[in-house]
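# Structural characterization, general
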Amino acid sequence: MYDYDLLVVGSANADLVIGVERRPGAGETVLGSDLAVHPGGKGANQAVAAARLGARTALLARVGDDAHGRLLLESQRDAGVDTVGVLVGGAPTGVALITVDPSGDNSIVVSPGANGRLAPEDVSAAACLFQSSRVVSAQLEIPLETVAAVVRNLAPESRFVLNPSPPRPLPSEVLAACDPLIVNEHEAKVILGSSAVGDSPEDWARILLAKGPRSVVVTLGGEGALVASSEGVSRVASVQVDAVDTTGAGDAFTAALATRLGAGASLAEAAAYAARVGAATVTKEGAQASFPTAAEVAAL
């Protein structure tokens, strides 16, 4: 019996968001909206998204001993996330600087802060959390060696889900544990590097699968997603909605997919549900504030 449906190991940031008519070019200044501060970070976002969907969720992360850190801890607890694994101190809380244009697309610059101090020894010290978790999810806004330590500390029957964002080449040890590896088009091309051939997501998925993951999911925005495993490659549709803000949509997708996998759904079933969660997310502004409940997804 697991205490948690999902353990998220990853980043926790304060999102500093400004709306702009258009994003500036090199050397250019543009005026934007009033600054809004929201709890964010890929790890914290995934934990809140999963808890909103009803999953028993824990977060292993590091924040600073500052106002942004307190904001993040409060948002996790308000969502029902167990914060026993959130460490405090060592550096200022991470910050993401986000601009959002009228179409809902965003550009993000991240200052890792305390996220960069989440170390392999912190993972080892949280062994009880890993033994108590059905699924473990990670991203790459924390050190890669810490993600590798996550893989080494997985419980024998646990499933590991990785969204390699921001993307970078991955060691074979990490790739081999992914079930699935979740990438968008940009992330797929970075990880494939010189191996990237073909223009279709099906091509990318097959080549990624050959690199060692047990399964691969390629997210396709409004077109849904593609899933690939030893059983083959197939597409799953999304729901067409009017996008307001895409911030956090990928995190909501990953959290929903991980949660459904932990509940026993097939990869295709989990990806189809995750696509609906992602669609619901982009209809509202912000990251964590936009994550839907299970009831809202069902009503979409």
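Our subject is the structure that appears above.
All figures in this text were calculated on a predicted structure; none of them were measured in a lab.

### Points about the packing of aromatic side chains
In the structure shown here, the tally under the stated rule is zero aromatic pairs. One cation-aromatic arrangement involves Arg260 over Tyr273; the distance from NZ or CZ to the ring centre is 4.8 Å.

### Looking at the side chain of Thr83
As for its placement among the helices and strands, Thr83 is situated in strand β5 (residues 82-88). For Thr83, a relative accessible area of 13% gives the class buried. A distance of 3.1 Å separates the side chain of Thr83 from the side chain of Arg77, its partner in a polar contact. Dropping the residues within four chain positions of it, Thr83 is found in contact with Leu73, Gln76 and Arg77.

### Some details on the sheet that holds strand β3 (residues 36-40)
Here four strands make up an open sheet; going across it, the order is β3-β2-β6-β7 and the pairing mixed. Lying at the two open borders of the sheet, with one neighbouring strand each, are β3 and β7 (106-111). Here the strands of the sheet are splayed against their neighbours by 25 degrees on average, with no regard to which way each runs. Taken together, the six bridges between strand β6 (residues 94-100) and β7 define a ladder with antiparallel strand orientation. Across the sheet, the residue bridging to Val100 is Asn106, located in β7.

### Examining the layout of surface pockets
The volume enclosed by the second largest pocket comes to roughly 220 Å³. Secondary-structure elements contributing two or more residues to the lining of the second largest pocket are β2 (13-19) and β3. Of the residues forming the lining of the second largest pocket, the biggest block, three residues, is contributed by β2.

### Focus: the pairing of strand β8 (residues 133-138)
In terms of residue burial, β8 counts as a mostly covered element, since five of its six residues are buried. By the bridge criterion, four bridges tie β8 to strand β9 (residues 159-162) in an arrangement that is parallel. Looking at β9, one finds that Val136 is bridged to Phe160. Read as a crossover between parallel neighbours, the route from β8 over helix α5 (residues 144-152) to β9 is right-handed.

### What about the side chain of Asp179?
Here Asp179 lies in strand β10 (residues 178-183). Engagement of the side chain of Asp179 in a polar contact is seen with the side chain of Ser215, the distance being 2.7 Å. With sequence-adjacent residues up to four places away left out, Asp179 is seen in contact with Arg159, Phe160, Val161, Arg214, Ser215 and Leu261.

### Topic: unusual backbone geometry
Look at the link from Ser165 to Pro166: it is a cis peptide, with omega at -5 degrees. Relative to the assigned elements, Pro166 resides in the loop between β9 and α6 (172-177). Cis rather than trans, the peptide bond between Asp179 and Pro180 has omega equal to 15 degrees. In this structure, Pro180 sits in strand β10.

### Quick notes on empty space enclosed by the protein
Tallying each qualifying case throughout the model produces one cavity of 30 Å³ or more. Lining the largest cavity are Ala12, Ala44, Leu59, Val63, Leu72, Leu73, Gln76 and Val86. Counting only elements with at least two residues in the lining of the largest cavity, the list comes to β4 (57-63) and α2 (67-79). The leading source of residues in the lining of the largest cavity is α2, at three residues. Among the residues making up the lining of the largest cavity, the classes are represented as seven nonpolar, one polar and no charged.

### Here's the deal with the pattern of salt bridges
Counted by the stated rule, this structure contains 12 salt bridges. We note a salt bridge from Asp65 to Arg70, for which the minimum N-O separation is 3.8 Å. For the pair formed by Asp65 and Arg70, the shared burial category is exposed. With a shortest N-O distance of 2.8 Å, Arg235 and Glu202 are connected by a salt bridge.

Rules used in this analysis
Residues numbered from 1 in each chain as written. Predicted model: local features only at pLDDT ≥ 70, side-chain atom pairs only at ≥ 80, totals over all residues. Heavy atoms only, no water. Phe/Tyr/Trp six-rings, centres within 6.5 Å; stacked < 30°, edge-to-face > 60°. Lys NZ or Arg CZ within 6 Å of the ring centre and 35° of its normal. Helix = DSSP H or I, 4+ residues; strand = E, 2+ residues; numbered from the N terminus. Buried < 20%, exposed > 50% of the residue type's maximum accessible area, 1.4 Å probe, protein only. Polar contact = N/O pair within 3.5 Å; in protein donor to acceptor, adjacent residues only side chain to side chain. Contact = heavy atoms within 4.5 Å. Pairing = 2+ DSSP bridges. Axes fitted to C-alpha atoms, helices over the stretch in contact; angles between N-to-C directions. 1 Å grid on protein atoms, 1.4 Å probe; cavity = no way out; pocket = protein on both sides within 12 Å on 5 of 7 lines; lining within 4 Å. Points joined across faces, edges and corners; volume = space filled by probe spheres on them. Right-handed = clockwise from strand over helix to strand, strands pointing away. Nonpolar A, V, L, I, M, F, W, Y, C, P; charged D, E, K, R; others polar. Salt bridge = Lys/Arg side-chain N within 4 Å of Asp/Glu carboxyl O.

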